[in-house]
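# Descriptive analysis of the structure
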Amino acid sequence: MNGFVAAFRNEVFVGLRSLGTRFVILTPVLLVAVQLVLAKLTESTAAARDNLLGSDRFNDLVAEPAYGNLVDGLNTGLILLGLLLVAQSAFSFSADRDSGALRHLIIRRCSRSAVVLAKFAYLLLMAVVALSLLLLASYFLSGMLWEYGPVVEDGFELISEAEIRTELLLGLRLAILPLPAAIGLGLCFSIAANSATQAVIAALGVTLALDMFKGMMGDSADYIYARFMPSLLNESYLSDVGRLVRGYSDVLIDERFIQFNYWVPLPSLLLLLVAGLVLVRRKKI
């Protein structure tokens, strides 16, 4: 326990002074802010063009509530954050090993397992901070640029604001659950690889490969945590929420998919952590 505490304090001390930590935390927020501002500018430009041309096309449309743009921003931010966390976790252990800092820490007071668990705990803490900033920035910026409210068409309320919030919270919860497993994958490559560069390239390569091939795996993909993460080929429930909060009625909710989303990420994380702890005992440092 003392070894874990010392290793975790070391991670926090270094992380607070690391450019990589700031990059992982702030980049998704900045990207989402740019996306939302550009979406508002595009919308305003279309409205101004239609007014100049004397067209009523834009004016006849019902203004979209802010929730749709909020979900779009969260999807973008979570996609980038997932990739950054994989890269950062793949870099963490291997970079310390390459620099010699890891050997110094192990010789002085910490076991290998304690160092791995401390790095995982710090990466989780970093993910929590990044997610909190992303959620707060996305919510308040969307509210500033658009107006939150129910989906209304021809004077009839299609989806109430309470229903929208329920679906949004469910989508967020399901999208966040696989992130610790993604961190575990990066740590495994960080331990197994021979250099930090090799670890980052391999971890990102496998993550993108899982994303590309999950559609070809049929029902087998339900047993892979990456199936449920927001990604470039997005099949997460949060992507369906983006359609639900806009009033689309053709969205099919698969209860089996949601159940797998709840149950698969945790065993995947435990398997990856155990694999990392076994590898670190056999790896030459």
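Small disclaimer: the values here were computed from a predicted structure and weren't measured.

A separate point is the side chain of Arg227. Its place among the elements puts Arg227 in the loop between helix H9 (196-213) and helix H10 (237-244). Of the polar contacts made by the side chain of Arg227, one reaches the side chain of Glu235; its length is 2.7 Å. Discounting residues that sit within four places of it in the chain, Arg227 has contacts with Lys214, Gly218, Ala221, Asp222, Glu235, Ser236 and Phe257.

On to the environment of Arg17. Topologically, Arg17 is positioned in the loop between helix H1 (2-15) and helix H2 (19-53). Sequence-wise, Arg17 and Ile176 are 159 residues apart; in three dimensions their C-alpha atoms are separated by 26 Å.

Among the surface-exposed residues, Leu208, Met212, Phe213, Met216, Met217, Leu232 and Leu233 lie close enough to one another that they form a single nonpolar patch of about 710 Å² accessible area. Position of Leu233 among the secondary structure elements: in the loop between H9 and H10.

For the rest of this paragraph, the subject is the confidence of the model for the chain. If pLDDT is low for a region, its predicted coordinates should not be looked at in detail. Residues of the chain with pLDDT of at least 70 account for 94%, and the chain-wide mean is 88. Here helix H3 (residues 57-60) stands out as the least confident element of the chain, with mean pLDDT 48; helix H8 (residues 179-192) is the most confident, with 95. Throughout residues 58-62 the model reports pLDDT below 50, and contacts reaching past four residues in sequence, or to other chains, amount to six contacts.

Further remarks concern the packing of aromatic side chains. Counted according to the given criterion, the structure contains six aromatic pairs. Taking 4.8 Å as the distance between ring centres and 15 degrees as the angle between the ring planes, the aromatic pair formed by Tyr139 and Tyr148 counts as stacked. Given the relative accessible area of 30%, Tyr139 is considered partly exposed. Looking at Tyr148, the relative accessible area reads 17%, which means it is buried. Here the aromatic residues Tyr67, Tyr139, Phe140 and Tyr148 are joined through ring pairs into a cluster of three or more. A cation sits over an aromatic face here: Arg17 above Phe13, 3.9 Å from the ring centre.

Contact pair H2 / helix H6 (residues 112-145): the axes reach a minimum separation of 9 Å and the direction vectors enclose 20 degrees. Classified by the interaxial angle, the pair formed by H2 and H6 is roughly parallel. Both H2 and H6 take part in a crossing whose hand is right-handed. Only Tyr122, Met126, Val129, Ala130, Leu133, Leu134, Ala137, Ser138, Leu141, Ser142 and Leu145 of H6 make contact with H2, whose side of the interface consists of Thr21, Val24, Ile25, Leu26, Pro28, Val29, Val32, Ala33, Leu36, Val37 and Lys40. The residue makeup of the contact of H2 with H6, split by class, is 18 nonpolar, three polar and one charged.

Tallying each qualifying case throughout the model produces one cavity of 30 Å³ or more. In this structure, the largest cavity occupies an estimated 160 Å³ of space. Lining the largest cavity are 15 residues, and of these Leu83, Thr207, Met229, Pro230 and Ser231 sit closest to its centre. Among the elements of the structure, helix H4 (66-99) and H9 are those that each provide at least two residues to the lining of the largest cavity. When residues in the lining of the largest cavity are grouped by element, the largest group, four residues, is from H4. A per-class count over the lining of the largest cavity returns ten nonpolar, three polar and two charged.

This part covers the packing of H4 against H6. At a closest axis distance of 10 Å, the pairing of H4 and H6 adopts a crossing angle of 160 degrees. What the angle tells us is that H4 and H6 run roughly antiparallel. For the pair H4 and H6, the crossing hand works out as right-handed. For the contact of H4 with H6, the class distribution of residues is 17 nonpolar, seven polar and two charged.

Definitions and cut-offs
Residues numbered from 1 in each chain as written. Predicted model: local features only at pLDDT ≥ 70, side-chain atom pairs only at ≥ 80, totals over all residues. Heavy atoms only, no water. Helix = DSSP H or I, 4+ residues; strand = E, 2+ residues; numbered from the N terminus. Polar contact = N/O pair within 3.5 Å; in protein donor to acceptor, adjacent residues only side chain to side chain. Contact = heavy atoms within 4.5 Å. Patch = residues over 30% accessible without salt bridge, like charges linked within 9 Å, V, L, I, M, F, W, Y side chains within 5 Å. Areas by Shrake-Rupley, 256 points an atom, 1.4 Å probe, with all protein chains shown as cover. Salt bridge = Lys/Arg side-chain N within 4 Å of Asp/Glu carboxyl O. pLDDT = per-residue confidence, 0-100. Phe/Tyr/Trp six-rings, centres within 6.5 Å; stacked < 30°, edge-to-face > 60°. Buried < 20%, exposed > 50% of the residue type's maximum accessible area, 1.4 Å probe, protein only. Lys NZ or Arg CZ within 6 Å of the ring centre and 35° of its normal. Axes fitted to C-alpha atoms, helices over the stretch in contact; angles between N-to-C directions. Parallel < 35°, antiparallel > 145°, perpendicular 65-115°, else oblique. Left-handed = near helix turned anticlockwise from the far one by under 90°. Nonpolar A, V, L, I, M, F, W, Y, C, P; charged D, E, K, R; others polar. 1 Å grid on protein atoms, 1.4 Å probe; cavity = no way out; pocket = protein on both sides within 12 Å on 5 of 7 lines; lining within 4 Å. Points joined across faces, edges and corners; volume = space filled by probe spheres on them.

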